[in-house]
Amino acid sequence: MTLLFYSFARLGFFLNNLKLFVAYGFDEIIFSFVHGLRFDLSAVLILSLPLFLLSLIPIKYQLYRSKLYSNIFVCLWIFMQGPFFIAGLFDIEYFGFTGRRTDLTVINM
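Summarised in this report is the structure supplied together with it. It should be emphasised that the depicted structure is a prediction, and the values quoted were computed from it without experimental measurement.

**Here we look at the packing of helix α1 (residues 2–16) against helix α4 (residues 67–98)**
Alright, step 1. It is at 8 Å that the axes of α1 and α4 come closest, and there the two elements cross at 10°. Judged by the angle between their axes, α1 and α4 are roughly parallel. Across the interface between the two elements, Thr2, Phe5, Tyr6, Ala9, Gly12, Phe13 and Asn16 from α1 touch Trp77, Gln81, Phe84, Phe85, Leu89, Asp91, Ile92, Glu93 and Phe95 from α4.
Alright, step 2. Looking at the contact of α1 with α4, its residues break down into 10 nonpolar, four polar and two charged.

Written out as structure tokens, the structure is:
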């Protein structure tokens, strides 16, 4: 599901900046989407690592099945993935103003 969110953000970026990609062929665009998916997979795995490690903590079986435990994991997932997804959405419009993707210079400003 997370990869789908990031793929939609990439598709939105592509469609919003379509005029910049007319020089590229269909196969090059698909190739860049595949590479983007690989990048997203690594980012999701790195960002989800703390949740995975947290799930390895031995807790009583009944707690794993409780709604509270599930809600805590969903909230942690949103807290960890949300800012990066929002940054990807922000990048769709930011690129039109600066001609560059979002990087650490935005944080330095």
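That shown, we press on.
**Quick word on the pattern of salt bridges**
Alright, step 1. For the coordinates displayed, the defined rule picks out one salt bridge.
Alright, step 2. The partner of Asp40 in a salt bridge is Arg10, with the nearest N and O atoms 2.8 Å apart. With a gap of 30 residues between them, Asp40 in helix α2 (residues 26–55) and Arg10 in helix α1 connect regions that are remote in the sequence.
Alright, step 3. The exposure class assigned to Asp40 is buried, which follows from its relative accessible area of 5%.

**Observations regarding the layout of surface pockets**
Alright, step 1. The calculated volume of the largest pocket comes to roughly 760 Å³.
Alright, step 2. Lining the largest pocket are 23 residues, and of these Arg10, Phe39, Asp40, Asp91 and Arg101 sit closest to its centre.
Alright, step 3. Counting only elements with at least two residues in the lining of the largest pocket, the list comes to α1, α2 and α4.
Alright, step 4. With nine residues, the top contributor of residues to the lining of the largest pocket is α2.

Thresholds applied
Residues numbered from 1 in each chain as written. Predicted model: local features only at pLDDT ≥ 70, side-chain atom pairs only at ≥ 80, totals over all residues. Heavy atoms only, no water. Axes fitted to C-alpha atoms, helices over the stretch in contact; angles between N-to-C directions. Helix = DSSP H or I, 4+ residues; strand = E, 2+ residues; numbered from the N terminus. Parallel < 35°, antiparallel > 145°, perpendicular 65-115°, else oblique. Contact = heavy atoms within 4.5 Å. Nonpolar A, V, L, I, M, F, W, Y, C, P; charged D, E, K, R; others polar. Salt bridge = Lys/Arg side-chain N within 4 Å of Asp/Glu carboxyl O. Buried < 20%, exposed > 50% of the residue type's maximum accessible area, 1.4 Å probe, protein only. 1 Å grid on protein atoms, 1.4 Å probe; cavity = no way out; pocket = protein on both sides within 12 Å on 5 of 7 lines; lining within 4 Å. Points joined across faces, edges and corners; volume = space filled by probe spheres on them.

Fair warning: the whole summary comes from geometry, so function is off the table for now.
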